[in-house]
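The lines below spell out each chain.
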Amino acid sequence: MESLLQVSDLRIRYETKVAVDGISFTVNPGEIIGLLGPNGAGKSSTIRAICGIVPPTSGSIITCGVNAAEAPFEVKRRVGYVAEDAALIDVFTPLEYFRFLGDLRELEAGLVKERGLALLAELRLEEDALNKRMGGFSKGMKQKVAIAAALLHDPHLVLLDEPLNGLDVESTGRFKELLATFAKRGGAIVYCSHLVDVMERFVPRVLIVQQGKLKADIAMAELIQQDGSLEAAFTRVTTEAEA
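Now for a quick tour of the structure. Just so we're clear, the structure is a prediction, and the values are computed from it rather than from any experiment. (Residues numbered from 1 in each chain as written. Predicted model: local features only at pLDDT ≥ 70, side-chain atom pairs only at ≥ 80, totals over all residues. Heavy atoms only, no water.)

Okay, the pattern of salt bridges next. Taken as a whole, this structure holds 13 salt bridges when the rule is applied. Salt-bridge contacts for E74 lead to R77; the nearest nitrogen and oxygen are separated by 3.8 Å. Here R77 and E74 lie together in helix 2 (residues 72-78), a separation of three residues that amounts to about one turn. The partly exposed category is assigned to R77, whose relative accessible area is 37%. In this structure, D90 engages K142 in a salt bridge whose closest nitrogen and oxygen atoms are separated by 3.4 Å. (Salt bridge = Lys/Arg side-chain N within 4 Å of Asp/Glu carboxyl O. Helix = DSSP H or I, 4+ residues; strand = E, 2+ residues; numbered from the N terminus. Buried < 20%, exposed > 50% of the residue type's maximum accessible area, 1.4 Å probe, protein only.)

Structural data, given as structure tokens:
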């Protein structure tokens, strides 16, 4: 089985700060993995490098068969990405925004509209919001549009950086169901968060990062068997890292 993501000895430096320090891991079709760590651990920098936004200082990333540093635009065509603070185009309606994204990816307009409407229906965005400008949307409404936009082109790999920002309990449940279905069809998901309780209920495999280094890569069931909970394991691993 060919991996959808191969991260090898990834290092990212911003001037004098080392954000990511030698991280390596792979993600296979159908896998959902969690990237867990405290704020500033290097999670977002790793995600941005995977989708071709931030160039690695050294190491390599093969995303959906493409070198992310050498062909970042092709990587962006193949993956879905929900940023921590999703930047939408406020003067667009959701359907106009989807049409814009579809044009960038050279997708058929009818298919874009059909998929966009289906995804927003799954996420329970109010029907009367479909043709309203997004500048007046709440944070939760914008997040639903951002999630739908990431899945619009039916990518093989989806990268999620704190994707639950602004979502209520019902929307969070719908979101998890949507991603579970995506993974069952062979898609892969990298879920980046510092919310331990959410990740414990959703992610079968967790990578714990601390100070830019990968401190654990373990199945959730094994981790809970060892420590009783993800929170206890996270505390142990990060405390050991600081010692």
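Alright, that's what it looks like, and here's the rest.
Turning our attention to helix 3 (residues 94-104). Here helix 3 has its buried residues at P94, L95, Y97, F98, L101 and G102. Buried residues in helix 3, looked at end-on, bunch into an arc of 155°, giving them a common side. The exposed residues of helix 3 that point more than 90 degrees off its buried face are D103 and L104. Looking at the packing, one finds that the buried side of helix 3 touches helix 4 (109-122) and helix 5 (139-151). A positive backbone phi angle near 60° is found at E106, which sits one or two residues after helix 3. (Arc of directions from axis to C-beta. Contact = heavy atoms within 4.5 Å.)

Read from one edge to the other, the open sheet built from four strands follows the order 2-1-4-5, with strand pairing classed as antiparallel. Two strands in the sheet have a free side with no partner beyond their single neighbour: strand 2 (17-27) and strand 5 (66-67). (Pairing = 2+ DSSP bridges.)

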